[in-house]
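Survey of secondary and tertiary structure
Letter by letter, the chains look like this.
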Amino acid sequence: MEPLVYYIICAFLSITVLIGIALMSKVKTAIIGNILSSVATLIAIIVTLLYFGILSDKWTIYTIFVCLFVGSIIGLILAQKVKMIQMPQLVATLNGVGGAASALVGGAAIFSANATFELATATLALFVGTLTFTGSLIAAGKLANIIDGRPVVWKGHTALMSTSISLLLFILIAFLFFNPPMLLTTIVAIFMSAFLGIGIAIRVGGADMPITISLLNSFSGVAAAIAGLAINDILLVSIGGIVGSSGLLLTQIMCKSMNSSLSKILQGKTSVSKVVHNEEKKAEDVGHVNEKSKEVPVEEILRSAKKAIIVPGYGMAIAQAQHLVKQLADILECNGCEVKYAIHPVAGRMPGHMNVLLAEADVSYEQLYEMEDINEEFKDCDVCIVVGANDVLNPAAREAEGTPIYGMPILNVDEAKHIIFCNSSLSPGYAGVENPLYKRTEGTSILLGDASETLANIIKDIKTNKQEKEEVKTTDSSVVELLGGAKRAIIVPGYGMAIAQAQHLVKQLADILECNGCEVKYAIHPVAGRMPGHMNVLLAEADVSYEQLYEMEDINEEFKDCDVCIVVGANDVLNPAAREAEGTPIYGMPILNVDEAKHIIFCNSSLSPGYAGVENPLYKRTEGTSILLGDASETLANIIKDIKTNKQEKEEVKTTDSSVVELLGGAKRAIIVPGYGMAIAQAQHLVKQLADILEGNGCEVKYAIHPVAGRMPGHMNVLLAEADVSYEQLYEMEDINEEFKDCDVCIVVGANDVLNPAAREAEGTPIYGMPILNVDEAKHIIFCNSSLSPGYAGVENPLYKRTEGISILLGDASETLEKLLEEIKVT
């Protein structure tokens with residue numbers, strides 16, 4: 001490979017690594033940045049092997065590939081086995097491995113150096129690489145709790161460090177000017193560098209560990225760059241320099257976030273030993289807090305919250321509570337609460353520690369906010385949930401001069417209306433500074449103990465509370481009877497319907513009501529939902545007819561005449577307080593006159609005030625109100641289920657009506673009219689069974705096929721052929737229409753528009769003029785349809801109102817035919 005080509009590749013790879021690191025600075029692009037840098041590093045290894053001709057010797061090739069294989073296996077195992085909580089110590093260990101590699105290169109270069117510059121850089125690479133290795137191991141040991149995580153200061157620590165640095169400088173000078181014994185001097189240099197690394201890392205602890213990790217990362221890059229100078233590898237110099245400088249920049253950023261200096265941190269002056277950790281203190285705290293937490297019902301605060309900010313800290317990492325944090329956030333969001341996460345730059349034990357843990361729990365990147373982006377929002381949030389964090393939100397950082405955290409930027413948690421602490425104790429954090437928020441008399445709930453257990457209890461309490469309310473409300477059978485007897489109903493959809501995606505269930509309920517002869521309308525408030533026309537779009541998705549949607553001014557006068565008003569996830573838009581409560585955000589806002597309805601059924605998630613924060617007096621109405629709390633989808637599903645059960649019981653009684661069975665038993669000529677409802681219910685085999693029985697009784701059976709029945713040409717023919725119905729029995733409309741007047745019974749299975757007589761008279765309707773089957777001429781019609789709703793054309797069928805010569809068996813066509821067959825067999 002030509003040098004020019006090599007230099008171009010080096011420049012390209014260096015820029016690629018630089019871009020990768022830049023991408024890793026953002027949560028959204030971190031993964032692609034990591035992949036990009038990894039691929040560039042792999043290419044760099046291959047290019048280096050080729051350019052320096054390292055692969056020219058077969059034994060060298062074997063050695064390198066064995067090393068690559070072993071290293072890859074170890075990497076893959078670590079990627080699979082290491083848990084998220086162990087990431088800080090893994091990162092520290094990998095920094096150490098990088099330092100050790102540079103030390104090996106530097107150590108080897110010492111013995112082959114031909115020039116003073118090469119010898120000097122090789123010696124420095126050995127120094128920096130070795131101290132990075134031992135320092136990283138100490139840091140990893142602290143993070144893994146293998147050794148004491150607090151700062152350890154030896155007697156004469158500073159003097160020992162100064163002596164070590166002086167000796168290393170002396171060794172460097174000796175190498176350059178005095179030609180000492182190479183092996184012995186190198187071994188001494190290794191020991192002194194290792195001791196220096198241990199001395200640096202052992203003195204740092206607690207909350208300063210993220211900065212230590214960042215600094216050691218920088219050292220590993222610097223060691224690699226110096227090693228590159230020693231062996232004249234420009235690619236190693238370039239990439240090592242990028243890693244070293246980026247690590248140093250990150251270190252400075254984090255120091256700034258802590259409002260401290262690197263020198264203070266390395267001297268252990270920020271993580272102090274004034275921390276009070278004793279069981280007595282914890283016991284006192286617990287007693288105090290338990291008493292305090294009784295004053296504030298946490299589940300009520302969370303249930304009514306509209307905006308919440310979660311502040312995770314190292315306590316969350318220790319308790320591995322990130323999944324429970326996500327569960328709690330999900331519950332809050334289900335209740336209509338907006339949830340955000342506030343991430344302090346030094347939270348945890350390595351840069352991005354909280355982001356990694358929350359990503360593991362599938363928290364959306366969009367919900368994670370850096371301190372400077374969310375600090376202004378704390379004053380507007382209803383509740384702030386602190387999970388294992390302390391120093392990063394301690395207001396003492398603004399005032400307590402002389403303390404380790406004085407001047408450190410913090411999260412403005414103290415501005416939240418209510419704070420819920422899920423911390424292990426009331427002890428000061430790693431900085432050893434008391435947190436005045438623990439003594440706040442109002443707007444604070446403190447739940448001490450393991451964060452996982454605390455969160456699990458909160459979630460359990462919320463669910464239990466919700467379930468109890470739902471159980472009480474859904475057993476109210478009067479709602480079913482009320483809906484069953486209603487002749488006019490108005491449905492009021494709101495944002496709660498959108499959250500629960502309950503529009504299809506709303507439509508199902510409306511269909512059922514219509515089948516019972518109830519007129520159903522939808523009242524749409526202009527600001528319902530989160531965008532203009534939000535409710536219209538959702539209801540259109542559920543195939544609700546546009547004709548049934550009414551603007552507020554068009555329907556408000558009708559509420560007083562309706563039998564029941566069904567509210568689905570709406571509140572402010574129907575809150576009568578808007579007429580009287582002066583000074584409230586909704587005062588004077590036009591509302592839907594829901595309060596004039598004879599009976600209101602609320603299908604809302606809770607009784608909490610809406611977004612305006614104004615109590616709704618309708619919830620306290622003693623008569624004419626049914627309140628079914630919980631997820632709107634679940635509530636509606638329960639109502640529909642109860643109505644169907646109730647109806648089924650009645651239908652079971654109805655289908656024992658022997659007149660239908662007797663009619664079929666005495667019929668001599670029958671025509672069956674299949675429709676799309678037969679296809680949906682897959683009832684073609686049952687239709688064939690019924691026809692066989694009729695034929696067995698001497699009845700002639702024919703099938704009338706309308707050309708547009710079903711969803712494709714010949715749809716009915718295909719289905720009936722599947723059930724072995726003879727082609728000879730299938731008749732096109734024009735061939736059989738004259739025979740309806742002579743048949744004894746016509747059995748309609750899931751058909752409507754194709755036999756609707758309105759097509760002959762109802763001008764202006766979609767079916768006007770459409771040729772239809774003359775079913776209305778039959779002596780008796782048995783409808784096996786799912787409901788009495790108009791078909792897809794939206795035109796009422798007058799046959800349903802015929803007073804004589806008609807039997808209507810509503811429900812799933814398969815179930816209806818099965819019951820009918822059973823009754824016929826019994827008789």
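Residues numbered from 1 in each chain as written. Predicted model: local features only at pLDDT ≥ 70, side-chain atom pairs only at ≥ 80, totals over all residues. Heavy atoms only, no water.

To continue, consider the overall build of the protein. The secondary structure content of the protein amounts to 32 helices and 18 strands. Rg of the C-alpha trace for the protein: 39 Å, well past the compact-globule value of 28 Å for 827 residues, more than 25% over. Across its three principal axes, the protein shows a C-alpha extent of roughly 125 × 70 × 45 Å. Residues counted as buried form 50% of the 827 residues belonging to the protein. Restricting to contacts in the protein with at least 6 residues of sequence separation, those with at least 24 account for 78%. Of the roughly 38,500 Å² of accessible surface on the protein, 59% is carried by carbon and sulfur atoms. (Helix = DSSP H or I, 4+ residues; strand = E, 2+ residues; numbered from the N terminus. Rg over C-alpha atoms; globule rule 2.2 N^0.38 Å. Buried < 20%, exposed > 50% of the residue type's maximum accessible area, 1.4 Å probe, protein only. Contact = heavy atoms within 4.5 Å. Areas by Shrake-Rupley, 256 points an atom, 1.4 Å probe, with all protein chains shown as cover.)

Residue placement: Val708 occurs in the loop between strand S14 (700-705) and helix H29 (715-722). Separated by 153 residues in sequence, Val708 and Ile555 place their C-alpha atoms 37 Å apart.

Of all hydrophobic cores here, the largest spans 39 residues; its most connected members are Leu302, Leu328, Tyr341 and Ile385. The greatest single-element share of this core, amounting to 6 residues, is contributed by helix H14 (residues 322-334). With sequence-adjacent residues up to four places away left out, Leu328 is seen in contact with Leu302, Ile385, Leu455, Ile458, Ile459 and Ile462. (Core = buried A, V, L, I, M, F, W, Y, C linked by side-chain atoms within 4.5 Å.)

The subject of this paragraph is the side chain of Asn435. Along the chain, the position of Asn435 falls in the loop between strand S5 (419-422) and strand S6 (444-446). Here Asn435 falls in the buried class, since its relative accessible area comes to 2%. One polar contact links Asn435 to Asn390, side chain to side chain, over a distance of 3.1 Å. For Asn435, the residues in contact, after removing those within four places along its chain, are Asn390, Leu393, Asn394 and Pro395. (Polar contact = N/O pair within 3.5 Å; in protein donor to acceptor, adjacent residues only side chain to side chain.)

Attention now goes to a negative patch on the surface. The grouping of Asp812, Glu815, Glu818 and Glu822 at the surface amounts to a negative patch. Mapped onto the elements, Glu815 comes out in helix H32 (residues 813-826). By relative accessible area, Glu815 is classed as partly exposed at 44%. (Patch = residues over 30% accessible without salt bridge, like charges linked within 9 Å, V, L, I, M, F, W, Y side chains within 5 Å. Salt bridge = Lys/Arg side-chain N within 4 Å of Asp/Glu carboxyl O. Lys, Arg positive; Asp, Glu negative; His and termini not counted. Charge placed at Lys NZ, Arg CZ, Asp CG, Glu CD.)

For the pair helix H28 (residues 684-696) and H32, the least separation of the axes is 9 Å and the interaxial angle reads 25°. When the axes of H28 and H32 are compared, the pair comes out roughly parallel. The element H28 and its partner H32 pack so that their crossing is left-handed. In contact with Leu686, Val687, Gln689, Leu690 and Ile693 of H28, H32 contributes Ser814, Leu817, Glu818, Leu820, Leu821, Ile824 and Lys825. Taken together, the residues of the contact of H28 with H32 sort by class into 8 nonpolar, 2 polar and 2 charged. (Axes fitted to C-alpha atoms, helices over the stretch in contact; angles between N-to-C directions. Parallel < 35°, antiparallel > 145°, perpendicular 65-115°, else oblique. Left-handed = near helix turned anticlockwise from the far one by under 90°. Nonpolar A, V, L, I, M, F, W, Y, C, P; charged D, E, K, R; others polar.)

Our next topic: the sheet that holds strand S10 (residues 564-568). The 6 strands lie next to each other as S9-S8-S7-S10-S11-S12, forming an open sheet whose pairing is parallel. Edge positions in the sheet fall to strand S9 (549-551) and strand S12 (625-627), since each of these pairs with one other strand and no more. Ignoring strand direction, the axes of neighbouring strands in this sheet form an average angle of 25°. Note that strand S11 (residues 600-603) and S12 share 3 bridges and pair parallel. Residue pairing in the sheet places Phe602 in a bridge with Ile627 of S12. Docked against the sheet, helix H22 (residues 534-541) engages strand S7 (488-493), strand S8 (519-524) and S9, running at close to 145° with respect to S8. (Pairing = 2+ DSSP bridges.)

A few words on a nonpolar patch on the surface. Where nonpolar side chains cluster on the molecular surface, the patch consists of Val66, Phe69, Val70, Ile73, Ile74, Leu76, Ile77, Leu78, Leu94 and Val97 and spans about 900 Å² of accessible area. Only helix H3 (58-81) and helix H4 (87-110) provide two or more residues apiece to the nonpolar patch. Ranked by residue count, the leading element in the nonpolar patch is H3, at 8 residues. Along the chain, Val97 turns up in helix H4.

Let's shift gears to the state of the cysteines. By definition, a disulfide links the sulfur atoms of two cysteines through a covalent bond. Across all of its chains, the model carries 0 disulfides by this definition. Of the cysteine sulfurs around Cys381, a residue in no disulfide, the closest is that of Cys384, at 5.6 Å. The class of Cys381 is buried, set by a relative accessible area of 0%. Cys562 provides the cysteine sulfur closest to Cys565, a residue in no disulfide bond, and the two sulfurs are 5.7 Å apart. Its relative accessible area of 0% is what places Cys565 among the buried residues. (Disulfide = S-S within 2.5 Å.)

If pLDDT is low for a region, its predicted coordinates should not be looked at in detail. Per-residue pLDDT for the protein averages 84, and the proportion of residues at 70 or more is 91%. The model gives residues 652-656 a pLDDT under 50, and that stretch makes 6 contacts with residues more than four places away or in other chains. (pLDDT = per-residue confidence, 0-100.)

Once that is clear, we can look at the side chain of Thr16. Summarising the element assignment, Thr16 is placed in helix H1 (residues 3-24). In contact with Thr16, other than residues within four places in its own chain, are Leu36 and Ala40.

Any two packed helices are characterised by the angle at which their axes cross and by the distance between the axes. Interaxial distance between helix H21 (residues 503-515) and H22 falls to 8 Å at its minimum, and their mutual angle equals 65°. Classified by the angle their axes make, H21 and H22 are roughly perpendicular. Note on packing geometry: the crossing formed by H21 with H22 is right-handed. Touching Gln503, His504 and Val506 of H21 are Leu538, Leu539 and Glu541, all from H22. The residue inventory of the contact of H21 with H22, partitioned by class, reads 3 nonpolar, 2 polar and 1 charged.

Phi at Asn179 is positive, roughly 50°, even though this residue is not glycine. Examined against the element boundaries, Asn179 turns out to sit in the loop between helix H6 (157-177) and helix H7 (182-202). The exposure class assigned to Asn179 is exposed, which follows from its relative accessible area of 66%. In this model, Gln501 sits at a positive phi of 50°, which is unusual for a non-glycine residue. Tracing the chain through its elements places Gln501 in the loop between helix H20 (495-500) and H21. Owing to a relative accessible area of 46%, Gln501 belongs among the partly exposed residues under this scheme.

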